[in-house]
Amino acid sequence: MIEQTNAESHLLTVNGLTVEYWTRRGKIRAVENASFTLDRRETLGVVGESGSGKSTLGLSLIKLVPNPGRIITGDISLEGQNIRRMKDEEMRDVRGRRISYVFQDPMTSLNPVEKIKDHFVELIQTHEPKVSKTQALERANQLFRDVGIQEERINDYPHQLSGGMRQRVMIALALALNPSVVIADEPTTALDVIVQAKILDLLNSLKNRYGMALILITHDLSIVLQRSDKIIVMYAGRIVEYASSVNLYSSTQHPYSQGLLKSIPNIELADQKLEAIEGSPPDLLNPPKGCRFWPRCSFAMPECRTEEPPLFETKKNHLVRCYLYKDETNDQ
Amino acid sequence: MMGGSSTKKNMFSRLVPLLTSLARRGLAGWFIAIGLIMVIAIVVMTMLAPWISPHDPSAIEMGPPLSPPSSQFPFGTNKLGQDMLSRVISGGGIMIQVALLSVVICMAGGVPIGLLSSYTGGILDRILCLIMDSIYAFPGLVLAIAIALMLGRGVVNMALSIAVVYVPSYFRVIRSQVLSIKEMAYVEAANAIGAKGHTIVSRYILPNVIPSIIVVATVNFADAILTAAGLTFIGLGVSVDIPDWGYDLTVGRTLLTTRVWWVIAFPGIMVVLLALGFTLMGEGLSELWNPRLEQ
């Protein structure tokens, strides 16, 4: 039972979230009717290709969907409080302190004219004005040890650090106020593979130490499979599969998720042929009728073209939006 | 005179360590040091003009009109027989005052308006853009003349009329910079940590715009000198009997084709040196303040 549980019992509950971009050419539904929950010390992976709405989903959780986007319906509750009804002033307090965000590009996410230490002092003093500069710096030094950078580098300017170090700084900034949720939006796309693995492992170990929940947004299914507890697969603004990562890996159900899995290279299968998903994602201004994925789906049935499938709960902790599983519904 | 020389000595003894410390900061430091020396030298020369100029700069028929440089008149004389050397020594005062004042007024107006307009955007931005563009559409000198006509003579009025012409330059440069900086990830990140609007403008946007502001200010300064010269020439500046490089330049320009080069060359060189001094200082400062270029 993942969906429709009591909002009080989870750290973060998102229910029926729909986000639209109101452009001149029409309304684009970047996220449609998304529901999920997140508990303490849990990692949620959100996987999807560019334009699938995964970043919009992440940004809507701190109500920073860029213009002309707006949240149309849905409830977001954090520790029982409804974020959607919060005023700007309250929201500012949530950002950074209770939900923090690690951005995709560490190269441009730090203010080039401020030293690293000033970033920490500013962040801490924004939320806790009574903290003195020396106290803030002490905390920053502790965070630097936690993320594995030499303390003296705190006196550097952002451009004097490498990409991996900058992303560590971003993570340290995200943890500075001990938030309950950290959203990491493609935290490793701009980094090379070895640094990527280090950063992700760092995030995971810090998650446990600080007792927070982590939302890991990525286009790369392989990096979230082993590191997250549950995974949302998004396609064209829709959650197409929502399952625990064990379930998703052992019994992948949605044809799109299967396609994603087949495109991950496997070191043990030397002569494995990597398969790509044919075609390209739909234009969200004119999405296909019925299931969003049918034009690219090799299992498409007549009913897929006329009506969009609902989420079927095929077993415990496994939801899939595909007619192939409509008879396997797990009624409990 | 004794008191004057002792303060001068004091100033000088402070200046030397400043210059040597600047020179140690690489090319940018040298730029600032050289620019500073040039500007200070010109300012000091202008201030001491009553004592060091050989003749009265405003007295006519000191010698034969348009006499070329000689031992008696090292810079020659002009059409009225005034000593060019004396005029060069004492002619900078008005120009420096007007140029500095206009740059200060321009910055005080253009920078906040530019930041406000481009950061808030929307209708306000549209309206301000329209106003600034319509000011920009006028030829600078013509607009300055019109405003100077309304305001009347005087250093402050000259500076004001030049400032109005230059505010749109600051506005445009700041606006284009802010529009791109506003979209940078670090501004988005500042939003995501819950920073307030004024914090974002003052700590994230303004420091990143300062190098461009300095560049505009140096161009502004050089242009203000020339516009001030133009205003003086048509009689809207200060009184004609106050020696002024700009006035000499504009008057001397007509004589250039008749091989009378000295009436324009020497005041011209002074204007160029003054503008160059400020430009060097500006260049150096923008480089010194850019953390990306710090060693």
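Located above this text is the structure these notes cover.
Residues numbered from 1 in each chain as written. Chains lettered and ligands numbered in written order. Predicted model: local features only at pLDDT ≥ 70, side-chain atom pairs only at ≥ 80, totals over all residues.

1. Examining the packing of helix H2 (residues 26-47) of chain B against helix H12 (residues 262-288) of chain B
Packed helices, taken two at a time, are described by the angle their axes make and the gap between the axes.
Residue and element names in this part refer to chain B.
So, point 1. Put simply, H2 and H12 touch, their axes get as near as 7 Å, and they point 150° apart. With respect to each other, H2 and H12 are oriented roughly antiparallel. The chirality of how H2 crosses H12 is left-handed. Only Leu273, Leu274, Leu276, Gly277, Phe278, Leu280, Met281, Glu283, Gly284, Leu285, Glu287 and Leu288 of H12 make contact with H2, whose side of the interface consists of Ala28, Gly29, Phe31, Ile32, Ile34, Gly35, Leu36, Met38, Val39 and Ile42.
So, point 2. Taken together, the residues that form the contact of H2 with H12 break down as 16 nonpolar, four polar and two charged. (Axes fitted to C-alpha atoms, helices over the stretch in contact; angles between N-to-C directions. Helix = DSSP H or I, 4+ residues; strand = E, 2+ residues; numbered from the N terminus. Parallel < 35°, antiparallel > 145°, perpendicular 65-115°, else oblique. Left-handed = near helix turned anticlockwise from the far one by under 90°. Contact = placed C-beta atoms within 7 Å. Nonpolar A, V, L, I, M, F, W, Y, C, P; charged D, E, K, R; others polar.)

2. Focus on the sheet that holds strand S8 (residues 213-218) of chain A
Residues and elements named next belong to chain A.
So, point 1. The sheet built from eight strands is open, its strands ordered S6-S7-S8-S3-S9-S10-S12-S11 with mixed pairing. Sheet topology places strand S6 (99-102) and strand S11 (312-315) at the edges, where each strand pairs with a single neighbour. Neighbour to neighbour, the strand axes of the sheet diverge by 20° on average, direction disregarded.
So, point 2. Here five bridges tie strand S7 (residues 181-185) to S8, and the two strands are oriented parallel to one another. Looking at S8, one finds that aspartate 185 is bridged to isoleucine 217. (Pairing = 2+ DSSP bridges.)

3. What about the nonpolar core?
So, point 1. Counting residues in hydrophobic clusters, the biggest one holds 161 residues, and the most contacted among them are Ile215 and Ile232 of chain A together with Ile162, Ile225 and Ala228 of chain B.
So, point 2. Counting residues per element, this core draws most heavily on helix H8 (residues 155-181) of chain B, which supplies 14 residues.
So, point 3. Leave out the neighbours within four places in its chain, and isoleucine 232 of chain A touches Phe36, Leu44, Val46, Val47, Ile239 and Tyr242 of chain A. (Core = buried A, V, L, I, M, F, W, Y, C linked by C-beta atoms within 7 Å. Buried ≥ 20, exposed ≤ 12 C-beta atoms within 10 Å, placed from the backbone.)

4. Looking at the environment of alanine 140 of chain A
Residues and elements named next belong to chain A.
So, point 1. Counting through the fold element by element, alanine 140 comes out in helix H4 (residues 133-147).
So, point 2. Judged by C-beta crowding, with 23 C-beta atoms within 10 Å, alanine 140 ranks as buried.
So, point 3. Here the alpha-carbon distance between alanine 140 and isoleucine 116, two residues 24 residues apart in the chain, equals 9.5 Å.

5. Regarding the sheet that holds strand S2 (residues 26-38) of chain A
Residue and element names in this part refer to chain A.
So, point 1. Taking strand neighbours across the sheet as the criterion, the four strands line up as S2-S1-S4-S5 in an open arrangement whose pairing is antiparallel. The sheet is open, and its two borders are formed by S2 and strand S5 (81-82), each paired with just one other strand.
So, point 2. Pairing geometry for strand S1 (residues 12-23) and strand S4 (residues 69-78), over eight bridges, is antiparallel. Bridging across to S4, valine 19 finds its partner in isoleucine 71.

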